[in-house]
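Structure at a glance
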Protein chains: 2
Amino acid sequence: MDITSRIDHALRAAVDGASGSDAPPQLAEAIRYALFPGGARVRPRLCLAVAAACGDDRPELTNAAAASVELLHCASLVHDDMPCFDNADVRRGRPSVHAAYGEPLALLAGDGMIVLAFEVLARASGHAPERLAPLITTVAGAVGMPSGIVAGQGWESETSVPVEAYHRAKTGALFVGSAMAGAIAAGADPAPWRALGDSLGAAYQAADDLRDALCSSQEMGKPAGQDNAHDRPSLVSECGVKETVGRLEGYVAGAIASIPDCKGRASLEALIMSEAKRLKPKNLSLVAA
Amino acid sequence: MDITSRIDHALRAAVDGASGSDAPPQLAEAIRYALFPGGARVRPRLCLAVAAACGDDRPELTNAAAASVELLHCASLVHDDMPCFDNADVRRGRPSVHAAYGEPLALLAGDGMIVLAFEVLARASGHAPERLAPLITTVAGAVGMPSGIVAGQGWESETSVPVEAYHRAKTGALFVGSAMAGAIAAGADPAPWRALGDSLGAAYQAADDLRDALCSSQEMGKPAGQDNAHDRPSLVSECGVKETVGRLEGYVAGAIASIPDCKGRASLEALIMSEAKRLKPKNLSLVAA
């Protein structure tokens with residue numbers, strides 16, 4: 001099974017388990033809508049790539065880890081789009097979950113996806129029970145308090161925001177979690193993979209800041225200019241487009257340099273390079289030349 | 001350590017781990033505010049009582065299970081009070097979390113508490129790793145889709161609501177989860193404890209419907225008359241006060257009858273009787289006589 005199908009299959013299995021005739025139908029539909037067709041699936045791809053580099057001896061557990069990080073990422077998008085945060089009615093080129101299903105179901109869909117993210121890990125851990133606790137603490141650390149996605153969002157309510165901690169929590173933490181979860185699912189030491197997640201998360205945040213500042217809403221499939229509109233810390237507003245592009249390139253190089261010596265090195269490099277190409281705004285040469 | 005201190009201590013340890021200098025201060029404060037001083041802590045009490053009846057051989061894991069179910073209960077209250085649901089500005093006699101901290105932090109506090117509920121289980125499972133997966137799936141089943149609290153809330157967005165499934169999901173599921181988690185934390189078979197959780201959940205829901213219909217907002221420490229105001233299914237509106245009181249008494253008797261033969265039977269009976277007394281509206285004799 002190729003990587004795209006593997007991720008899709010793992011997510012569908014998770015959502016099927018959370019649906020069924022007992023479930024309130026609209027909420028089940030809202031959760032499915034939040035997950036499919038989905039974006040680039042970069043976090044579960046990273047998770048699978050690291051697991052492959054570590055031998056991937058429990059593919060079912062790796063699949064669950066990939067589904068878990070994507071469930072948590074999509075849950076954060078659903079809540080982040082809601083009126084009390086970004087108030088974004090469009091996501092991936094179509095109505096966001098609250099725009100399509102209303103606020104109550106959007107809030108509940110996010111909650112349900114967070115719960116499901118932990119449940120799928122537990123359900124897949126049967127043959128390797130000793131890997132479950134580190135998987136749960138790694139994934140929880142990436143999304144919860146004090147320094148995961150929820151914490152990153154929480155910084156937006158503070159008057160004084162430490163920009164690096166904010167970006168690291170809001171974006172970097174789940175990249176780190178995805179890489180480390182891939183290693184843990186395969187029974188490997190996750191520590192050597194932290195730097196890769198860190199560099200990729202920083203690259204992704206820099207690219208996101210560039211795209212938010214330079215791309216149209218149509219190109220992005222979601223509202224542009226949000227950092228400025230919400231007065232949020234952004235690398236572009238802090239140090240300009242040219243310097244942000246320079247940093248992005250540095251982070252990508254750092255990510256490649258950080259890959260531990262392993263048999264999957266070539267495919268990890270290829271993944272990073274294709275992501276770097278995909279994320280760079282297409283009109284960058286006009287602006288930053 | 002008495003039961004109240006044991007629960008308080010477990011919750012404080014969980015929240016301390018999620019705070020610290022790295023965390024956004026207001027969000028950390030909002031989570032603490034949502035948990036302390038707290039209500040009757042009936043779910044963690046049930047969890048501890050069942051664990052005690054099963055031998056409680058891993059008290060640290062039992063404490064984590066108790067903290068986990070209370071974290072999830074309080075998270076559901078925080079989200080449930082928000083403007084898109086009950087729009088309740090008062091909870092436990094003081095401003096609800098969104099009234100005190102604003103909607104963004106209330107939403108994030110709930111999310112953070114859900115994540116933390118799973119994290120504390122993983123952190124406490126070191127000496128009994130084989131108990132972690134059943135704990136996680138039991139607790140997740142009680143709060144997630146297709147038939148936990150989130151599903152119960154989800155039914156409120158449907159035009160046709162199966163009342164029993166709605167109540168069972170919204171209230172009963174976490175009582176079942178609390179009882180069964182207590183058994184699992186102590187290494188026992190959770191199945192014999194399902195009926196106790198089921199009966200207690202049904203009793204609690206009947207009492208809650210009575211209180212919502214008969215008590216003042218001041219007595220309840222939260223807005224009264226919500227079922228009517230939100231056109232929600234309620235036993236009282238369905239079959240009247242007298243019949244609801246009769247059912248409540250039947251559920252309490254059923255809960256006591258369901259307790260498996262064990263050495264902790266007397267203290268479990270005492271817990272159930274004191275809860276039944278606490279929950280019954282004080283003006284019931286005037287109304288239902």
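Helix packing for two helices is described by the angle between their axes and how far apart those axes are. Residues and elements named next belong to chain B. Running from amino to carboxyl end, helix α3 (residues 42–53) crosses helix α4 (residues 59–80) at an angle of 155°, the nearest separation of the two axes being 8 Å. In terms of their interaxial angle, α3 and α4 are classed as roughly antiparallel. As for how α3 packs across α4, the hand of that crossing is right-handed. Side by side, α3 and α4 meet where R43, P44, C47, L48 and A51 of the first sit next to T62, N63, A65, A66, V69, E70 and H73 of the second. Across the contact of α3 with α4, the residue classes break down as seven nonpolar, three polar and two charged.

For the rest of this paragraph, the subject is the packing of helix α10 (residues 194–214) of chain B against helix α13 (residues 235–258) of chain B. Residues and elements named next belong to chain B. Running from N to C, α10 and α13 cross one another at 150°; their axes reach a closest spacing of 8 Å. When the axes of α10 and α13 are compared, the pair comes out roughly antiparallel. Note on packing geometry: the crossing formed by α10 with α13 is left-handed. For the pair α10 and α13, contact is made by A195, L196, S199, L200, A202, A203, A206, A207, D209, L210, A213 and L214 and by L235, V236, V241, T244, V245, L248, Y251, V252, G254, A255 and S258, respectively. Within the contact of α10 with α13, the residues separate by chemical class into 18 nonpolar, four polar and one charged.

This part takes up the interface of chain A and chain B. By a frequent convention, interface size equals the accessible area lost on bringing the separate parts together. At the interface, 46 residues of chain A touch 46 residues of chain B. Surface buried jointly by chain A and chain B totals about 4100 Å² across both partners, of which 75% is contributed by carbon and sulfur atoms. Across the contact surface, chain A and chain B share zero salt bridges. Where chain A touches chain B, the interface holds six residue pairs in polar contact (both at pLDDT 80 or more). Breaking the side of chain A that touches chain B down by element, the ones donating at least two residues are α2 (25–35), α6 (103–124), α7 (132–143) and α8 (149–155) of chain A. Of all the elements, α6 of chain A adds the most residues to the side of chain A that touches chain B, at 13 residues. Each residue belonging to the side of chain A that touches chain B can be placed in one class, and the counts come to 29 nonpolar, 11 polar and six charged.

Time to look at the packing of aromatic side chains. On inspection of all chains with the given rule, the structure shows five aromatic pairs over all chains. Between Y33 of chain A and Y101 of chain A, the ring centres sit 5.3 Å apart and the planes meet at 70°, which makes this aromatic pair edge-to-face. Residue Y33 of chain A is found in helix α2, and its partner Y101 of chain A is found in helix α5 (residues 97–101); the two are separated by 68 residues along the sequence. For the pair shown, Y33 of chain A and Y101 of chain A are each scored as buried. On the numbers, 5.2 Å between centres and 40° between planes, the contact of F175 of chain B with Y204 of chain B is tilted. In this pair, F175 of chain B is assigned in helix α9 (residues 163–185) and Y204 of chain B in helix α10, connecting sequence segments 29 residues apart. One exposure class covers both F175 of chain B and Y204 of chain B, and it is buried. R12 of chain A extends its terminal NZ or CZ atom over the ring of F36 of chain A, reaching a point 3.9 Å from the ring centre.

Under the criterion given, the structure shown has 29 salt bridges over all chains. The closest approach of N and O atoms between E249 of chain A and K280 of chain A, which form a salt bridge, is 2.9 Å. Pair noted here: E249 of chain A is in helix α13 (residues 235–258) and K280 of chain A is in the loop between α14 (265–279) and α15 (284–288), with a separation of 31 residues, a long-range link. When its relative accessible area of 43% is taken as the criterion, E249 of chain A is described as partly exposed. Classification of K280 of chain A by relative accessible area gives partly exposed; the value is 30%. With a closest N to O distance of 3.1 Å, R247 of chain B and E243 of chain B form a salt bridge. Pair noted here: R247 of chain B and E243 of chain B are both in helix α13, with a separation of four residues, about one helical turn.

Criteria and thresholds
- Residues numbered from 1 in each chain as written.
- Chains lettered and ligands numbered in written order.
- Predicted model: local features only at pLDDT ≥ 70, side-chain atom pairs only at ≥ 80, totals over all residues.
- Heavy atoms only, no water.
- Axes fitted to C-alpha atoms, helices over the stretch in contact; angles between N-to-C directions.
- Helix = DSSP H or I, 4+ residues; strand = E, 2+ residues; numbered from the N terminus.
- Parallel < 35°, antiparallel > 145°, perpendicular 65-115°, else oblique.
- Left-handed = near helix turned anticlockwise from the far one by under 90°.
- Contact = heavy atoms within 4.5 Å.
- Nonpolar A, V, L, I, M, F, W, Y, C, P; charged D, E, K, R; others polar.
- Buried area = accessible area lost by both parts, 1.4 Å probe.
- Salt bridge = Lys/Arg side-chain N within 4 Å of Asp/Glu carboxyl O.
- Polar contact = N/O pair within 3.5 Å; in protein donor to acceptor, adjacent residues only side chain to side chain.
- Phe/Tyr/Trp six-rings, centres within 6.5 Å; stacked < 30°, edge-to-face > 60°.
- Buried < 20%, exposed > 50% of the residue type's maximum accessible area, 1.4 Å probe, protein only.
- Lys NZ or Arg CZ within 6 Å of the ring centre and 35° of its normal.

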